[in-house]
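Descriptive analysis of the structure
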Amino acid sequence: SHYCDGMQTWFNADCTWNQDGYYLVGVLVGLAVYNSVILDVHFPQAVYRKLLGLPLGLEDMVDPEIQKGLKTLLEYKGDDVEDVFCLTFEVTWNSLGMERKRELKPGGANLPVTSDNREEYVMLYVKWLLVDSIESQYNEFERGFLQVMEGSSLDLLRPEELELLVVGTPELDFEALQRNTEYEGGYDKDSPVVQNLWRFIKESDRETQLKFLKFSTGTNKAPIGGLGEMPFK
């Protein structure tokens, strides 16, 4: 019900048959935030801005190639935009093997993009990709998220802060994690195997440390406040 572009997860505009799935994902993300459980999920900033009701712009584009192309259009210095870019106010995409088209404004298929109207074209293109094309999928995701989080003063957060609540921080202090760790099954902090484990972790390279954390906790990030705030047994 989504697609992954590199490390980022975004809504699949072609998936119109799994609205319950989007709702449940929203609920799960909301439950994770509510219960301070960090997730190994990589939403672009646009998702957090949408959840906080903030406006979206070209800098929020998920596809870096499209973003680059639109920037090139805006920064082009010549007065022959119409001839060089050959664009109209219409978008074309493939859906389930079929080519589909949609006008960005009435009569857009016959309206060329020029030096005078290219900013409007970019604005409408961004709105189409980040809002209109995924409206039903996103609305269900947001409904699920707010089912859990409504009334939680989300409007006090910045997008970066909401992202930290969901995915945690990359700053890893294994000394703090060691101090916070509890033991059971006959082990304690002085057990030779425990001491050897912490020695190995602290002497390992960053990649190995991340793999250890991912294996033992399900994510390679720390909660807000650092690894010292993570229950670890």
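Note that the coordinates shown come from a computational prediction; the quantities given were computed from them, not determined experimentally. (Residues numbered from 1 in each chain as written. Predicted model: local features only at pLDDT ≥ 70, side-chain atom pairs only at ≥ 80, totals over all residues. Heavy atoms only, no water.)

A short note on the overall build of the chain
Along the chain, the regular secondary structure elements total 10 helices and 4 strands. For the chain, the N- to C-terminal ordering of α and β elements is β-β-α-α-α-α-β-β-α-α-α-α-α-α. Relative to the 2.2 N^0.38 estimate, which gives 17 Å for 233 residues, the radius of gyration of the chain is 23 Å and therefore markedly larger than a compact globule would have. Residues classed as buried in the chain amount to 36% of the 233 residues present. Intrachain contacts of the chain at a sequence separation of at least 6 include 66% that bridge at least 24 residues. Accessible area of the chain: about 14000 Å², with a carbon and sulfur share of 51%. (Helix = DSSP H or I, 4+ residues; strand = E, 2+ residues; numbered from the N terminus. Rg over C-alpha atoms; globule rule 2.2 N^0.38 Å. Buried < 20%, exposed > 50% of the residue type's maximum accessible area, 1.4 Å probe, protein only. Contact = heavy atoms within 4.5 Å. Areas by Shrake-Rupley, 256 points an atom, 1.4 Å probe, with all protein chains shown as cover.)

Brief notes about the packing of aromatic side chains
Counted by the stated rule, this structure contains 13 aromatic pairs. Ring geometry for phenylalanine 89 and tyrosine 121: centres 5.5 Å apart, planes at 85°, overall edge-to-face. On the criterion of sequence distance, the pair formed by phenylalanine 89 in the loop between helix H4 (81-85) and strand E3 (90-95) and tyrosine 121 in helix H5 (residues 118-130) is long-range, its members being 32 residues apart. Of the two residues, phenylalanine 89 and tyrosine 121, neither departs from the other in class, the shared state being buried. When the ring of tyrosine 138 is compared with that of phenylalanine 141, the centres are 6.2 Å apart and the planes differ by 45°; the resulting orientation is tilted. Of this pair, tyrosine 138 and phenylalanine 141 both sit in helix H6 (residues 135-149), separated by 3 residues, roughly a single helical turn. Of the two residues, tyrosine 138 and phenylalanine 141, both sit in the buried class. Feature note: the residues Trp10, Phe11, Tyr22, Phe43, Tyr48, Tyr138 and Phe141 constitute an aromatic cluster, connected by ring pairs. Taking NZ or CZ as reference, lysine 50 lies 4.3 Å from the ring centre of tyrosine 138, over its face. Over the aromatic face of phenylalanine 89 sits the side chain of lysine 105, whose NZ or CZ is 5.4 Å from the ring centroid. (Phe/Tyr/Trp six-rings, centres within 6.5 Å; stacked < 30°, edge-to-face > 60°. Lys NZ or Arg CZ within 6 Å of the ring centre and 35° of its normal.)

Observations regarding the packing of helix H9 (residues 192-203) against helix H10 (residues 206-217)
Between H9 and H10, the shortest axis-to-axis distance is 8 Å and the interhelical angle comes to 130°. When the axes of H9 and H10 are compared, the pair comes out oblique. Facing Leu197, Phe200, Ile201 and Lys202 of H9, the residues of H10 in contact are Thr208, Gln209 and Phe212. Split into classes, the residues belonging to the contact of H9 with H10 amount to 4 nonpolar, 2 polar and 1 charged. (Axes fitted to C-alpha atoms, helices over the stretch in contact; angles between N-to-C directions. Parallel < 35°, antiparallel > 145°, perpendicular 65-115°, else oblique. Nonpolar A, V, L, I, M, F, W, Y, C, P; charged D, E, K, R; others polar.)

Here we look at the pattern of salt bridges
The full count for this structure, using the stated rule, is 11 salt bridges. Measuring nitrogen to oxygen at the nearest pair gives 3.5 Å for the salt bridge that ties glutamate 175 to lysine 202. Placement of glutamate 175 in helix H8 (residues 174-180) and of lysine 202 in helix H9 is noted, with a sequence separation of 27 residues between them. On the basis of relative accessible area, glutamate 175 is assigned to the partly exposed category, the value being 39%. Given a relative accessible area of 35%, lysine 202 falls into the partly exposed group. (Salt bridge = Lys/Arg side-chain N within 4 Å of Asp/Glu carboxyl O.)

Overview of the packing of helix H3 (residues 64-75) against H5
It is at 10 Å that the axes of H3 and H5 come closest, and there the two elements cross at 165°. In terms of their interaxial angle, H3 and H5 are classed as roughly antiparallel. When the axes of H3 and H5 are compared, the crossing they make is left-handed. Contacts between H3 and H5 involve Ile66, Leu70, Leu73 and Leu74 from the first element and Arg118, Glu119, Tyr121, Val122, Tyr125, Val126 and Leu129 from the second. (Left-handed = near helix turned anticlockwise from the far one by under 90°.)

Nothing here speaks to function; it is geometry throughout.
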